[in-house]
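Residue-level structure breakdown
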Amino acid sequence: MRTVEPIAELRRLLAEHRTGGGRIAMVPTMGFLHEGHLRLVDEARRRGSLVVMSIFVNPLQFSPSEDLSRYPRDLAGDAAKAAERGADVLFTPTTETMYPAGAPAIEVRPLSLADRWEGAVRPGHFTGVLTVVAKLLNIAQPDSAIFGQKDIQQCILVSAMARDLNFPVEIVVTPTVREHDGLAMSSRNSYLQGDDRKRATVLWRALRAISRSFDEGERSATTLEEVGREVMGSEPSVAVDYLAVADPDRLEPVRQATRGTVIALAARVGGTRLIDNTILGAA
Ligand code: AMP
């Protein structure tokens, strides 16, 4: 695996591969890699003859009150994991490389798709995400780019950006990878101290209870939400930011759930904000 920092060097490497007829698959991340990220590499391996993973903790998507400075980092460990899993190129740009003039003069700002859920709780977050993803896709020009369902609103927005702005890339979404007790893997799980780690499983328990209720025939979104909120209430120290029963294309709330309806959940466990989701009726 080659680790590359300058954009020009990455482009040279990728151009060589493209000239030889190769296909490039990209996995954008913020690092502190776990099995969830590495499954994206597996998917990239199936789709490309060259897999490029990027690691960049993007300041633009953090608000001033968020965890940019304490976001976990381990570049050496990440490089070992990425290489072992079969990434060919690790792109690790510095902030100066990505934003040489400081704040960019142009951003990619989503419209109503970002008004709800994560977009409402974290104003400006998705503008930061889409701006950096647009930059990474323009820098590497991959044939496909792989994202995780765990960040479902991000997946919908990135897909919409690629479609609406005609990015010549296939956006691929892969399932959420979980710990043995159901907690969705996340770099932020490393913040969970003591009992909070166990409490954090309540998100998955709530999502599972809703899925079970749907499988048993419940279709009312209000009732399904109540089922989830009751489970969340069993951990009084966990604060729910939102529990969405929404359609999979735009994440608009629905009144009646159907197969494919998304349940998206965000909650704060101690000082750690966690998100998770499930799709009703999925095998
Ligand atoms: P991050 O480093 O948190 O920005 O995540 C980079 C990519 O990995 C995003 O596409 C995430 O959706 C994806 N990802 C993060 N956690 C998981 C997980 N537990 N399962 C699957 N994909 C994940």
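In what follows, the structure referred to is the one given above.
Quick look at the structure, then. (Residues numbered from 1 in each chain as written. Predicted model: local features only at pLDDT ≥ 70, side-chain atom pairs only at ≥ 80, totals over all residues. Heavy atoms only, no water.)

1. Side note on the overall build of the chain
Note the cut-off: Strands here are runs of E lasting at least two residues and helices are runs of H or I lasting at least four, both read from the DSSP assignment and numbered beginning at the N terminus. The size measure is the radius of gyration over C-alpha atoms, and the globule rule it meets is 2.2 Å times the number of residues to the 0.38 power. Should any heavy atoms of two residues lie within 4.5 Å, those residues are counted as being in contact.
A count of helical and extended segments in the chain gives ten helices and nine strands. Radius of gyration (C-alpha) of the chain: 19 Å, near the 19 Å computed for a compact globule of 283 residues. In terms of overall dimensions, the chain has a C-alpha envelope of 55 × 40 × 35 Å along the principal axes. Across the chain, the fraction of contacts at a sequence separation of at least 24, relative to all contacts at a separation of at least 6, is 71%.

2. Here we look at the environment of Glu-84
For the record, the criterion: Exposure categories follow from relative accessible area, calculated using a 1.4 Å probe and restricted to protein chains: below 20% of the type maximum is buried, above 50% is exposed, and the middle band is partly exposed.
By the secondary structure assignment, Glu-84 is in helix H3 (residues 75-85). Accessibility expressed as a relative area gives 73% for Glu-84, which makes it exposed. With 83 residues separating them in the primary sequence, Glu-84 and Met-1 have C-alpha atoms 8.9 Å apart.

3. Considerations on helix H10 (residues 221-233)
Note the following rule: The span you would expect from a helix comes to 1.5 Å times its residue count less one. As used here, the arc is the angular range of directions from the helix axis to the C-beta atoms.
For H10, with 13 residues, the first-to-last C-alpha span of 18 Å sits near the 18 Å given by 1.5 Å per residue. Buried within H10 we find Ala-221, Leu-224, Gly-228, Val-231 and Met-232. The buried residues of H10 occupy an angular sector of 105° when projected down its axis, which confines them to one face. Seen from the open side of H10, the exposed residues pointing more than 90 degrees away from its buried face are Thr-222 and Glu-230. Buried residues along H10 sit against helix H9 (202-215), strand S7 (238-246) and strand S8 (262-269).

4. A look at the nonpolar core
For soluble globular proteins, nonpolar side chains are generally found buried alongside one another. We count it as follows: Nonpolar cores are built from buried Ala, Val, Leu, Ile, Met, Phe, Trp, Tyr and Cys residues. Side-chain atoms within 4.5 Å join them into one set.
Counting residues in hydrophobic clusters, the biggest one holds 47 residues, and the most contacted among them are Leu-10, Val-133 and Leu-137. The greatest single-element share of this core, amounting to ten residues, is contributed by helix H6 (residues 125-140). Excluding residues within four positions of it along the chain, Leu-137 makes contact with Met-26, Pro-142, Ala-145, Met-161, Phe-167 and Val-169. Residues Ala-221, Val-231, Ala-257 and Ile-263 belong to the second largest nonpolar core, which totals 25 residues.

5. Focus on the site of the ligand
Note the threshold: A cutoff of 4 Å decides nearness: a residue is near a molecule or strand if any of its heavy atoms lies inside that distance of it. Each polar contact in these results corresponds to two N or O atoms within 3.5 Å; when the atoms are within protein, one needs to be able to donate a hydrogen and the other to accept it, and residues that are neighboring in sequence are counted only if both atoms are side-chain atoms. Note on areas: Shrake-Rupley, 1.4 Å probe, and residue coverage restricted to the protein chains presented here. Amino acids outside the nonpolar list (Ala, Val, Leu, Ile, Met, Phe, Trp, Tyr, Cys, Pro) and the charged list (Asp, Glu, Lys, Arg) are all regarded as polar, and Gly is one of them.
By nearness alone, 17 residues border the ligand, and Met-30, His-37, Asp-151, Val-177 and Met-185 come closest of all. Between the ligand and His-37, the relevant distance is 2.9 Å, taken from an oxygen atom to a side-chain nitrogen or oxygen of the residue. Between the ligand and the protein, one listed contact pairs an oxygen atom with a backbone N or O atom of Gly-148 at 3.0 Å. Protein contact buries 92% of the 480 Å² of open area that the ligand shows by itself. Counting only elements with at least two residues in the shell around the ligand, the list comes to strand S2 (24-29), helix H2 (35-47) and strand S5 (144-148). No other element matches the three residues that H2 contributes to the shell around the ligand. The class makeup of the residues in the shell around the ligand is eight nonpolar, seven polar and two charged.

6. Notes on helix H1 (residues 7-19)
Relative to the 18 Å expected for 13 residues at 1.5 Å per residue, H1 spans 18 Å between its end C-alpha atoms, a close match to the ideal helical length. The complete set of buried residues in H1 reads Leu-10, Leu-13 and Leu-14. Around the axis of H1, the buried residues are gathered within 90° of arc, so they sit on the same side. Looking at H1, the residues exposed on the side facing more than 90 degrees away from the buried face are Ala-8, Arg-12, Glu-16 and Thr-19. Along its buried surface, H1 packs onto strand S1 (2-4), S2, strand S3 (50-55), strand S4 (89-91) and H6. Positive backbone phi, at 90°, marks Gly-21, one or two positions downstream of H1.

7. Observations concerning the environment of Tyr-242
Summarising the element assignment, Tyr-242 is placed in strand S7. Once the C-alpha coordinates of Tyr-242 and Val-121 are considered, the two residues, 121 residues apart in sequence, prove to be 8.8 Å apart. Leaving out residues up to four positions away in the same chain, Tyr-242 has contacts with Trp-117, Glu-118, Val-121, Arg-229, Ala-264, Leu-265, Ala-266, Arg-273 and Ile-275. Engagement of the side chain of Tyr-242 in a polar contact is seen with the side chain of Glu-118, the distance being 2.6 Å.

8. Examining the packing of H1 against H6
The description of two packed helices rests on the angle between their axes and on the distance between the axes. The test is simple: Geometry is summarised by axes, namely lines fitted to C-alpha atoms with helices restricted to the contacting stretch, and by angles between N-to-C directions that run from 0 to 180 degrees. For classification purposes, an angle smaller than 35 degrees is called roughly parallel, one larger than 145 roughly antiparallel, one from 65 to 115 roughly perpendicular, and anything else oblique.
Where H1 meets H6, the axes come as close as 9 Å, and the angle between the chain directions of the two elements is 50°. In terms of axis orientation, H1 runs oblique to H6. Contacts from Ile-7, Leu-10, Arg-11, Leu-14 and Arg-18 in H1 reach Asn-138, Ile-139 and Ala-140 in H6. Among the residues forming the contact of H1 with H6, the class breakdown is five nonpolar, one polar and two charged.

9. Looking at unusual backbone geometry
Positive phi is not limited to glycine here, since Phe-32 has a value of about 55°. Tracing the backbone through its elements, the reader meets Phe-32 in the loop between S2 and H2.

10. Quick look at the pattern of salt bridges
Under the convention used in this document: Between Lys or Arg on one side and Asp or Glu on the other, a salt bridge is scored when a side-chain nitrogen of the former is within 4 Å of a carboxyl oxygen of the latter.
Counted according to the given criterion, the structure contains 23 salt bridges. Of the charged contacts in the structure, one is a salt bridge between Arg-122 and Glu-66, with a shortest N-O distance of 2.8 Å. On the criterion of sequence distance, the pair formed by Arg-122 in the loop between helix H5 (118-121) and H6 and Glu-66 in the loop between S3 and H3 is long-range, its members being 56 residues apart. On the accessibility criterion, Arg-122 (11% relative accessible area) is buried. For Asp-241, the salt bridge identified is with Arg-268, shortest N-O distance 2.8 Å. Here Asp-241 is found in strand S7, whereas its partner Arg-268 is found in strand S8, with 27 residues between them in sequence. A single network of salt bridges, built from pairs that share partners, joins Glu-35, Arg-39, Asp-42 and Arg-85.

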